[in-house]
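# Results of the structural survey
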Amino acid sequence: MRTYLLPEYIVERDDLKCTRCKICIEQCTYGVHYYNAAKNIIESRSERCVNCLRCVLFCPVNAITVRRNLNAYRENYHWTYEFIASIKRQAELGSALLSGMGCDRPYLTFWDKLLLNACQVTNPPIDPIREPIEIRTYLGRKPKILEFKTGDGDIELETKIAPDLCAETPILFAAMSYGAVNLNVHEALARAAVECGTYFNCGEGGLHPNLYKYSEHIIVQVASGRFGVDLKYLNAGAAIEIKIGQGAKPGIGGHLPGEKVSKDIAAVRMIPAGTDALSPAPHHDIYSIEDLRQLIYALKEATEYTKPVAVKIAAVHNSAAIASGIARAGADIIVLDGVRGATGAAPKIIRDNVGIPIELAIASVDQRLREEGIRNEVSLIASGGIRNSADVVKAIALGADAVYIGTAALIAMGCTLCQRCYTGKCSWGIATTDPEISKRLNPEDAYKRVVNLVRAWNIEIKEMLGAMGMDSIESLRGNREQLRGVGLTDRELKILGVKMAGE
Amino acid sequence: MYAKSKQISHHHNDDKIFSSCALFGMINLTGVRFTSREPLRAISSMRERGNGLGGGFAIYGIYPDFKDLYAFHAMYMNLKSKERAEKILMRDFRILLSEEIPTKGSNKLPNPPIFWRYFLEPEPSKIKDEYVDSDEYVVKRVRKINIGVKGAYIISSGKNMGVFKGIGFPEDIADFFYLDEYEGYMWVCHARFPTNTPGWWGGAHPFNILDWSVAHNGELSSYGVNRRYLEMQGYKCTMWTDTEVLAYAFDLLARRHRIPIKLIAKILAPPYWEEIDSMEIKERLMFTALRKVYGSLMMNGPFSIIVAHHGEMIGLTDRKKLRPLTAGIKGDFLYISSEEAAIRLISPKLDKIIRPSGGEMIIGRIKSPQSLEVPPLIRREHI
Ligand code: SF4
Ligand code: SF4
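This text gives an overview of the structure that appears in the document. (Residues numbered from 1 in each chain as written. Chains lettered and ligands numbered in written order. Predicted model: local features only at pLDDT ≥ 70, side-chain atom pairs only at ≥ 80, totals over all residues. Heavy atoms only, no water.)

Of the regular secondary structure elements, chain B holds 11 helices and 16 strands. Buried positions account for 65% of the 383 residues belonging to chain B. Considering only intrachain contacts with a sequence separation of at least 6, the fraction spanning at least 24 residues in chain B is 75%. Carbon and sulfur atoms provide 52% of the accessible area of chain B, an area that totals close to 14,000 Å². (Helix = DSSP H or I, 4+ residues; strand = E, 2+ residues; numbered from the N terminus. Buried < 20%, exposed > 50% of the residue type's maximum accessible area, 1.4 Å probe, protein only. Contact = heavy atoms within 4.5 Å. Areas by Shrake-Rupley, 256 points an atom, 1.4 Å probe, with all protein chains shown as cover.)

The structure is reproduced here in structure tokens:
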């Protein structure tokens, strides 16, 4: 069938600069560039370009420009390029469209409507270069009250604290499965977690044997497909996370196509090589909250109550009630993944239309747990679209204990957010399991970039805390007095629990 | 006189009222009662630290004749609020004496509310039905009046003690309430410098619940989280001040959770993780647990406080010591003050002067002078 799709991007090459080195041909995994021997020039098939910018950055003479196609459909407020192109593509394919990364639609980003406070006159800001500012974060279940035994002058703690996680930063690395990304990415994140004193969630595809040595800093995930789950795996992690859903595709299972299931991945996932790895939409042993409780306790039994158990859900309309149920079902940590949360592959229509913004979800869950008097007993991790350290600070001020970053960590490694992760051809060597392309991601280099990112954000978080006059992150947690809204409606402000700027 | 009383309340709907202050506390460790003369001289000497928009006193041991009854000091903005509050008091308590607190009508203080005091005990039949101890019973009622009855505030509710406070310099307040006619074994005094005008009577310190009183100088950046944590525990913050939050924190930790007082200091002003990490295992686990469980009650930002309850006076600053605090001992007296000069003014030849470092607590406990604890200086390497 002849395609009626307009090329989205146009690749231009300055032929005067081009040395015919063919690096672009080698680097492009989508087959855009080719050598025309007859004319001795490099040419491009623009219609294949996804704007991953790999060639642009690797061309030694900066000869390549990728720009949006100026040929556009007639302007139409309602029928934008996005909708017309999707229809044409579906008319040709007859299938649901896939996409990668998180929702890119222009829904309001509340982070950009929230501003932070700083000290002036009545109390002094604290200078992080001269004074310690603490960002260590413990995640796990906490008792309501501590009990002590006091004998002759001696005080002894009687209450036992349940096992928990101790992160030296409120930033953790979000679940990305082996299969969705390759071993180099996993290794880079695991090593970065060790170096930063934080945790890396290995996702639902099991844990490669080479990475067990980092397991003190790894959270192992148990999802509906149960890939790679055995006693050794459960006991390896510092914590176990039950994945109920994720922000990019709430209510939807996962599908790793057989082509991506190499021998190695098959072995780690404990399935035959070359078969599709299907994660059902629900856990087929969890049809209600009491079933979740059973799974939580099954995992705790299996690991002899030595590890905290987290439950991850996509932020949806009634997250507050669901989160309260999860806390009561025995989870030690609740993970909320907002509508901007990313994925290796999801139906585009789901990614773009299902779920709610993480900011509102944090606010309503934190508030609900407080109303029920149980907020301090569980930890809350927010995830999905955290873009910089200010987003982290705002998330914590709204009520989260910590955040997961996924997309940001990948961007640090090289990802350009081209959203083609589902093709398995990621030119940056991230969302691919092709052994050749995977080599592009050097774990040594990638790990350094991620460590640098966390280090930079830690410094900024301390700067912001110090400016607010706080020397410890626990004083920020749920401290909505430090936030003010701009350009929000009364109702939005009410749900966020913050005042309008100027109030 | 009552007709003139205007409803002075919280005008600007600020998050909270900022203020800087002077603190002075004095306790006779053998329990001998003394007059207002010395504490008043000392607090008045720190006039620079107040601006005449708030002053107050908590005096312990003032009602020996009624020492087994709860003494309620009530502040009413108008007669209507008095009527409504008294309805609750009469229903839930057996009131043995109800009288106006003598005040000077001619005093220059602006718009004074009505001050009343009650000596009472929980209505026996009602308390039996509720299965709570009498303290909890009292706290519930105080909360009910302070939140539910507009313009009525129970400003102190302990036994054999009372709080006197309002808008003015401490000496004006002392004059207004004829404080020269009272005697106590422990005085906690406060002068305020609120940044909003006009100050309001309810916002003055000390803040009290049961026999816990707090006088405070500081500005808590953690107010938002302290407040939300306490609200989760059933407290309602009605006074918009950091001090209220501190008083409730003491009530929760000391009375309801029975945390030893030494450790309460370590909750409000905890050691740094670096210090905790280098402790012996048992201590390390204890201090780590304190920060994990009570992190929301860490008072972050500059503060110095004097906390008092029967038989005990405590001084504490934030862990960076961003507000001043000094203590002195002379004979049976322990003094805690924002400034050393105020102590020297009334007791020039001290036996001992203590300048606690950040997060260290000074405790003066009656009848056993040895119990005056000065924790060892904690060395802190800054990163
Ligand atoms: S990488 Fe640049 S210089 Fe090399 S062939 Fe491509 S366009 Fe030409
Ligand atoms: S991971 Fe690769 S394919 Fe996915 S968005 Fe980033 S660059 Fe594109």
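So, about the site of ligand 2. Looking at ligand 2, the residues that line it are Met101, Cys415, Thr416, Leu417, Cys418, Gln419, Arg420, Cys421, Cys426, Trp428 and Ala431 of chain A. For the shell around ligand 2, the per-class residue count stands at eight nonpolar, two polar and one charged. (Near = heavy atom within 4 Å. Nonpolar A, V, L, I, M, F, W, Y, C, P; charged D, E, K, R; others polar.)

The next subject is the site of ligand 1. Looking at ligand 1, the residues that line it are Arg13, Cys18, Thr19, Cys21, Lys22, Ile23, Cys24, Ile42, Cys59, Pro60, Val61 and Ile64 of chain A. Partitioning the shell around ligand 1 into residue classes produces nine nonpolar, one polar and two charged.

Our next topic: helix α6 (residues 223-232) of chain B. Of all 10 residues in α6 of chain B, nine are buried, a share of seventy percent or more. What α6 of chain B keeps buried is the set Tyr223, Gly224, Val225, Asn226, Arg227, Arg228, Tyr229, Leu230 and Met232 of chain B. For α6 of chain B, the elements touching its buried residues are α10 (358-371) and α11 (389-398) of chain A together with α7 (242-256) and α10 (281-294) of chain B. Gly234 of chain B occupies a position one or two residues after α6 of chain B and carries a positive phi of about 100°.

What follows concerns the side chain of Asn376 of chain A. Its place among the elements puts Asn376 of chain A in the loop between α10 and β20 (379-383). Setting aside anything within four residues of it in sequence, one finds Asn376 of chain A in contact with Lys142 of chain A together with Tyr229, Met232, Val293 and Ser296 of chain B.

All names here are of chain A. Most of strand β17 (residues 309-314) is tucked away: six of the six residues are buried. Every second residue of β17 is oriented toward a common face, with Val309, Val311 and Ile313 on one face and Ala310, Lys312 and Ala314 on the other, all of them buried. Assessed by its sense of winding, the connection that carries the chain from β17 through helix α8 (residues 319-328) to strand β18 (residues 333-337) is right-handed. (Right-handed = clockwise from strand over helix to strand, strands pointing away.)

Summed over the entire model, instances satisfying the criterion amount to 57 salt bridges over all chains. Across the pair Glu481 of chain A and Lys499 of chain A runs a salt bridge, and its minimum N-O distance is 3.8 Å. Taken as a pair, Glu481 of chain A in the loop between α14 (443-467) and β22 (483-485) and Lys499 of chain A in strand β23 (residues 499-500) lie far apart in primary sequence, 18 residues in all. Its relative accessible area of 27% is what places Lys499 of chain A among the partly exposed residues. Note that Asp92 of chain B is salt-bridged to Arg91 of chain B, the shortest N-O span being 3.0 Å. Since its relative accessible area comes to 0%, Asp92 of chain B is described here as buried. Sharing partners across several salt bridges, the network here consists of Asp366, Arg370, Arg375, Asp401, Arg477 and Arg480 of chain A together with Arg228 of chain B. (Salt bridge = Lys/Arg side-chain N within 4 Å of Asp/Glu carboxyl O.)

That is the geometry; function is a separate question.
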